[in-house]
Amino acid sequence: MTAISRCFETLRRNHECALIPFITAGDPDLETTAKALQVLDRSGADIIELGVPYSDPLADGPVIQAAATRALARGTTLDQVLEMLQATTPSLQAPIILFTYYNPILHRGVDKFLEQIKTAGVAGLVVPDLPLEEAAGLLKPAGEVGIDLTLLVAPTSSAQRIEAIARASQGFIYLVSVTGVTGMRSQMESRVSDLLTQIRRVTDKPIGVGFGISDSEQARQVREWGADAAIVGSAIVKRLAEGTPESGLDAIAQFCQTLKTTITTPS
Ligand SMILES: O=P(O)(O)OC[C@@H](O)[C@@H](O)c1c[nH]c2ccccc12
């Protein structure tokens, strides 16, 4: 059983919804990223998504695109991110899911990439632009080294595609709540509730819902619809980037704690 599966099993036993924040590595710098991982870890995060900055983040909205641009402007590289993780993951309780687009993996070579992220203490992987048709080439080697490769279900996916993704995804299933790119929305689409029901018909794997969650009320809504995890990216990345690194760390600590308290408190 992987660290991510163990995490969801413990939460499910306690009838709790996981909080999964996302931040971009290297924004504003890797030293602050290491501190942010520790702050999120002790502020209620159950699992943490860490994005490797990329020049063409096609699935990302303006907030995360800007974070990637700042991180790249500082010269942040995958090797530096992995070096930071290797030094930081031993002090974390929360498993780390690395977010990277497909091209950097292909460029480095699948086996070498997986070996390096495993050594860095990474527990899971999300590749936003990995087509399902090519997923098998990554799922198998990832499973062999104990890395959970989590796949994304889009709200426009057909029933057949949802079933195929649900069966193949490792660790949990990432249900994208709304069509389009990441970014805070004024409200969550009620369609998420139907999609959760539809996915639950074909699998008992945990389902995390992301895209658009901008405050604790929306996170509560997602939990009440039955999600096993609320995933929050842009709203965290935005707070971390405001003011000084220290004030940004304080802001995400408070916001993360509020989110976790809200989704844990029985409504
Ligand atoms: O930013 P939002 O709307 O809170 O959505 C989470 C999202 O940021 C995070 O899970 C993520 C960051 N980059 C991605 C690319 C594709 C899918 C998901 C992501």
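None of the values given here were measured: they were computed from a predicted structure.

A. Structural detail: the nonpolar core. Counting 70 residues, the largest nonpolar core has L50, L85, L98 and L125 as its most contacted members. For this core, the element with the most residues is helix 12 (residues 245-264), which contributes 7 residues. In this structure, F22, A67, F172 and V237 belong to the second largest nonpolar core, which totals 22 residues.

B. Up close: the pattern of salt bridges. With the rule as written, the count across this model stands at 14 salt bridges. Ionic pairing is found between K260 and D46, a salt bridge with its closest N-O pair at 2.7 Å. Taken together, the residues span a long stretch of sequence, with K260 in helix 12 and D46 in the loop between helix 2 (30-41) and strand 2 (48-51) at a distance of 214 residues. In this structure K260 comes out as buried when scored by relative accessible area, which is 10%. A salt bridge links R223 to E224; its shortest N-O distance comes to 3.8 Å. Overall, the relative accessible area of 16% leaves R223 in the buried class. With a relative accessible area of 40%, E224 lands in the partly exposed category.

C. Region of the structure containing the UniProt feature "active site" (unreviewed entry) in the protein chain. Following the UniProt record, the feature "active site" (unreviewed entry) maps to E49 and D60 here. Of the residues named above, E49 and D60 line the largest pocket. When you line up the elements, E49 lands in strand 2. Once residues within four sequence positions are removed from consideration, E49 is found in contact with I20, P21, F22, I23, I97, F99, Y174 and I231.

What counts and what doesn't
Residues numbered from 1 in each chain as written. Predicted model: local features only at pLDDT ≥ 70, side-chain atom pairs only at ≥ 80, totals over all residues. Heavy atoms only, no water. Core = buried A, V, L, I, M, F, W, Y, C linked by side-chain atoms within 4.5 Å. Buried < 20%, exposed > 50% of the residue type's maximum accessible area, 1.4 Å probe, protein only. Helix = DSSP H or I, 4+ residues; strand = E, 2+ residues; numbered from the N terminus. Salt bridge = Lys/Arg side-chain N within 4 Å of Asp/Glu carboxyl O. UniProt positions renumbered as here; feature names shortened; annotations may be inferred. 1 Å grid on protein atoms, 1.4 Å probe; cavity = no way out; pocket = protein on both sides within 12 Å on 5 of 7 lines; lining within 4 Å. Contact = heavy atoms within 4.5 Å.

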